[in-house]
Amino acid sequence: MIRINEHYLKLQASYLFSDIAKRVAAFQKAHPGKEVIKLGIGDVTRPLPPACIQAFHKAVDEMADGATFRGYGPEQGYDFLREKIAKEDFQARGADVADDEIFVSDGAKCDNGNVQEIFATDITVAIPDPTYPVYLDTNVMAGRTGAFSEGRYGNVVYLECTRATGFIPALPREKVDLIYLCFPNNPTGGTITKAQLKQWVDYARAQKAIILFDAAYETFIRDEALPHSIFEIEGAREVAIEFRSFSKQAGFTGTRCAYTVVPKACTAYTAAGEPRPVHALWLRRHTTKFNGVSYPVQRAAEAVYSPAGRVQCRELIDYYLRNAALIRDEMTALGYDCIGGDHSPYIWVNGKQDSWEFFDRLLEKANVVCTPGVGFGRCGAGYIRISAFNDYEKVQRAMERIRRTLK
Ligand code: PLP
């Protein structure tokens, strides 16, 4: 008899964004004439930068010619892209990362979700609350957690991020083996300083733990004192893996290109306590289960590092940051306590009422979609996340309606 992986049954009935989509669809069906403005899911709205489009077209033309056609590429990504990434995103910032420590993939979501399979099932995992749901759900699927009760899974160390902690998790009191950190954070928009991140690196070194550092939003950082990469921190190479994505940096959510950095010094242990390089495990996993990102997409990603691409990507992020500033200023003026929005596309708003009630109020009265904070974890109760990914005119209109509703 074929049997299912029963850990899947522990997962909460539906994914947050499908719950939201259902409520929005029901509202639109009931009010077909109303324009609903979506500031919920973190998907980009602006087109790809022209430099990327040009490179994309050129690569497609190469695929049309027998002399330049390419079939399977290297699973880890083409050298032309890995070299640019290592040099421009890391070495230029003083972070010691080599080309062959970069693994190009089709998304930071899959990499974040897949990476846990190279670690033992009976380790202790520490996950922020609130969190990007992928970290938690993939550990549930793998069987590392207990059942769900009162908003939490058993056998998970929740790292609470609240106003009291400055929305940065405190070091856990118990011993943990695998730690998820995400900065600039989704959903809170919070950032971490180098000194704070160093405490985590020191903790991981002392505990022989590994930090999974999700830097999918690093390109939004506008304060050069803040770390873009965990590898700017001394000692991180032995204890950290970093996830990056072109999704937000260059509008690639529908084009798909990302990468994971696994330093050769990063170490995990056998049950007998023997050290093993994680790089070799991830290389094995990646080359066994993945067949590479398409050539034209990697050429388009490479164009992000060209002089024109750099300027265009900066303008793209500035556009969303302008939206974010407007949202944050308006919500603050209405008397709501907010964080995020300055180095992040997300504004985390203390709605001073139940998250889903606040969500419904904004949907029904202002016809604006946000994300209920409680969907990201128990510490998100009472909060909503507003996303700056939309056209400026729509954000202006949304904020006018929110102002009228909440005044
Ligand atoms: N990591 C975080 C924190 C995210 O918020 C997202 C997308 O919203 C991702 C990863 C997914 O990135 P990708 O589009 O590369 O899969």
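None of the values given here were measured: they were computed from a predicted structure.

Quick look at the pairing of strand S8 (residues 210-214)
Move 1: Of all five residues that make up S8, five are buried, and the element is covered over most of its length.
Move 2: Both faces of S8 are covered, namely the face carrying Ile210, Leu212 and Asp214 and the face carrying Ile211 and Phe213.
Move 3: Examined bridge by bridge, strand S7 (residues 178-182) and S8 share five bridges and lie parallel to one another. Bridged to Cys182 within S8 is Asp214.
Move 4: In terms of strand pairing, S8 meets strand S9 (residues 240-245) through four bridges, oriented parallel. The residue of S9 that forms the bridge with Ile211 is Ala240.

Quick look at the state of the cysteines
Move 1: Across all of its chains, the model carries zero disulfides by this definition.
Move 2: Free cysteine Cys110: the closest other cysteine sulfur is in Cys257, separated by 11 Å.
Move 3: Cys338 supplies the cysteine sulfur nearest to Cys370, a cysteine that is in no disulfide, at a spacing of 12 Å.

Here we look at unusual backbone geometry
Move 1: The omega torsion of the bond from Phe183 to Pro184 falls at -15°, within 30 degrees of zero and hence cis.
Move 2: Within the fold, Pro184 resides in the loop between S7 and helix H6 (194-207).
Move 3: Cis geometry is adopted by the peptide bond preceding Pro187, which originates at Asn186 and carries an omega value of 20°.
Move 4: Mapped onto the secondary structure, Pro187 falls in the loop between S7 and H6.
Move 5: Here the phi dihedral of Arg256 falls at roughly 75°; this positive angle occurs in a residue that is not glycine.
Move 6: Checked against the element boundaries, Arg256 lands in the loop between helix H7 (246-249) and strand S10 (258-261).
Move 7: Even without glycine at this site, Lys352 takes up a positive phi of about 60°.
Move 8: Within the secondary structure layout, Lys352 lies in the loop between strand S14 (346-350) and helix H11 (355-366).
Move 9: Here Lys352 falls in the exposed class, since its relative accessible area comes to 58%.

What counts and how
Residues numbered from 1 in each chain as written. Predicted model: local features only at pLDDT ≥ 70, side-chain atom pairs only at ≥ 80, totals over all residues. Heavy atoms only, no water. Buried < 20%, exposed > 50% of the residue type's maximum accessible area, 1.4 Å probe, protein only. Helix = DSSP H or I, 4+ residues; strand = E, 2+ residues; numbered from the N terminus. Pairing = 2+ DSSP bridges. Disulfide = S-S within 2.5 Å.

All we've got here are geometric facts, nothing functional implied.
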